[in-house]
Amino acid sequence: MGQVPDLPKRMRVIGGEFRSRVLRSVPGLDTRPTPDRLREALFNVLAPRISGAVFADLYAGTGAVGIEALSRGASRAIFVEQNRAAVSVIRENLRSLGLEARAQIRPGRVLKTIEKIEADIVFLDPPYALEKEYGLALELLGATPPGLVVIQHDVRLKLVDSYRALKRTRELRQGDNVLSFYDAVSTNVDPEP
């Protein structure tokens, strides 16, 4: 028998306006899609904050997480991805759902664009080869933090509890995956009267 070609994988939107709609994925191991169950758990936690929010999907891969945010009521989504094949898939997924007007794709390296991103909620999940970027990205985001940063990472990767003005407030584990939630904390202390 011949070798089976590496066909693009398919994913789906979990909930909201585009529930059950199929999304195209990127073949190969350069991107690591967020599993459906983990994405569902993420958006169950984000439910009170997602409506009207600007959502940034960093290391976006297929764009499934940002598209899920749009499906569940985010006003806009920003997708940052350096892999050209993945950027094409994000464009195709947005076009198939008619979401181009609510989305902005920024092709390129996350660490070069992260300080220019203005969003209420930032999600990041670097691919395996860029594992060292977790701490660097969190340090940059911690300088002028958004309201919430969510990091998907392997259970074996240990992140610190705070990065500048970001403090971990929750950790959700599912199998080998962890979602770490970092909220912006005020560094201003009011003097006592």
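Preceding this section is the structure that the text describes.
Please read all numbers here as calculations on a predicted model, not as lab measurements.

Enquirer: Please clarify how the overall build of the protein should be interpreted in this entry.
Expert: Regarding its fold elements, the protein presents five helices and 10 strands. Counting every position in the protein, which comprises 193 residues, the buried fraction comes to 49%. Here the contacts in the protein between residues at least 6 apart in sequence split such that 59% fall between residues at least 24 apart. For the protein, the exposed area adds up to about 10300 Å²; of that, 49% sits on carbon and sulfur atoms.

Enquirer: It is not clear to me how the nonpolar core should be interpreted in this structure. Could you clarify?
Expert: Counting residues in hydrophobic clusters, the biggest one holds 33 residues, and the most contacted among them are Leu42, Leu46, Phe55 and Phe79. Listed by contribution, the elements that provide at least two residues to this core are helix H1 (36–50), helix H2 (64–71), strand S4 (76–81), helix H3 (84–97), strand S6 (121–124), strand S7 (148–154) and strand S10 (177–184). A per-element tally of this core places H1 first, with six residues. In contact with phenylalanine 79, not counting residues within four places along its chain, are Asp57, Ala60, Gly63, Gly66, Ile67, Leu70, Ile90, Leu94, Ala103, Gln104, Ile105 and Arg106. Counting 23 residues, the second largest nonpolar core, distinct from the first, contains Ala56, Val80, Leu138 and Leu141.

Enquirer: Just checking my understanding: could you explain the environment of valine 89 for this structure?
Expert: With respect to the secondary-structure elements, valine 89 resides in helix H3. Sequence separation of valine 89 and serine 25 is 64 residues, and the distance between their C-alpha atoms is 6.7 Å.

Enquirer: I keep staring at the sheet that holds S6 and nothing clicks. Help me out?
Expert: Sheets are built from strands paired through backbone hydrogen bonds, the pairs being either parallel or antiparallel. Ordered in space as S5-S4-S3-S6-S7-S10-S9-S8, the eight strands form an open sheet in which the pairing is mixed. The open sheet has two edge strands, strand S5 (103–107) and strand S8 (162–163), and neither has a second partner. As paired elements, S6 and S7 share four bridges and run parallel to each other. In the strand pairing of S7, leucine 124 is matched with isoleucine 151. Helix-sheet contacts for helix H5 (residues 133–143) involve S6, S7, S8, strand S9 (166–174) and S10, and the interaxial angle to S7 is about 175 degrees.

Enquirer: Sorry if this is basic, but what is going on with H3 here?
Expert: In an α-helix there are 3.6 residues to a turn, and that puts residues three or four apart on one side. The terminal C-alpha atoms of H3 lie 20 Å apart, and with 14 residues this matches the ideal 20 Å at 1.5 Å per residue to within 8%. Taken residue by residue, H3 has Ala86, Val87, Val89, Ile90, Asn93, Leu94 and Leu97 as its buried positions. Down the axis of H3, the buried set is contained in an arc of 160 degrees. They therefore lie on one face. Away from its buried face by more than 90 degrees, H3 exposes Arg84 and Arg95. Two or three places before alanine 85, at the start of H3, stands the capping residue asparagine 83, its side-chain oxygen 2.9 Å from that residue's backbone nitrogen. One or two steps after H3, the chain reaches glycine 98, where phi turns positive at roughly 70 degrees.

Cut-offs applied
Residues numbered from 1 in each chain as written. Predicted model: local features only at pLDDT ≥ 70, side-chain atom pairs only at ≥ 80, totals over all residues. Heavy atoms only, no water. Helix = DSSP H or I, 4+ residues; strand = E, 2+ residues; numbered from the N terminus. Buried < 20%, exposed > 50% of the residue type's maximum accessible area, 1.4 Å probe, protein only. Contact = heavy atoms within 4.5 Å. Areas by Shrake-Rupley, 256 points an atom, 1.4 Å probe, with all protein chains shown as cover. Core = buried A, V, L, I, M, F, W, Y, C linked by side-chain atoms within 4.5 Å. Pairing = 2+ DSSP bridges. Axes fitted to C-alpha atoms, helices over the stretch in contact; angles between N-to-C directions. Expected span 1.5 Å × (residues − 1). Arc of directions from axis to C-beta. Polar contact = N/O pair within 3.5 Å; in protein donor to acceptor, adjacent residues only side chain to side chain.

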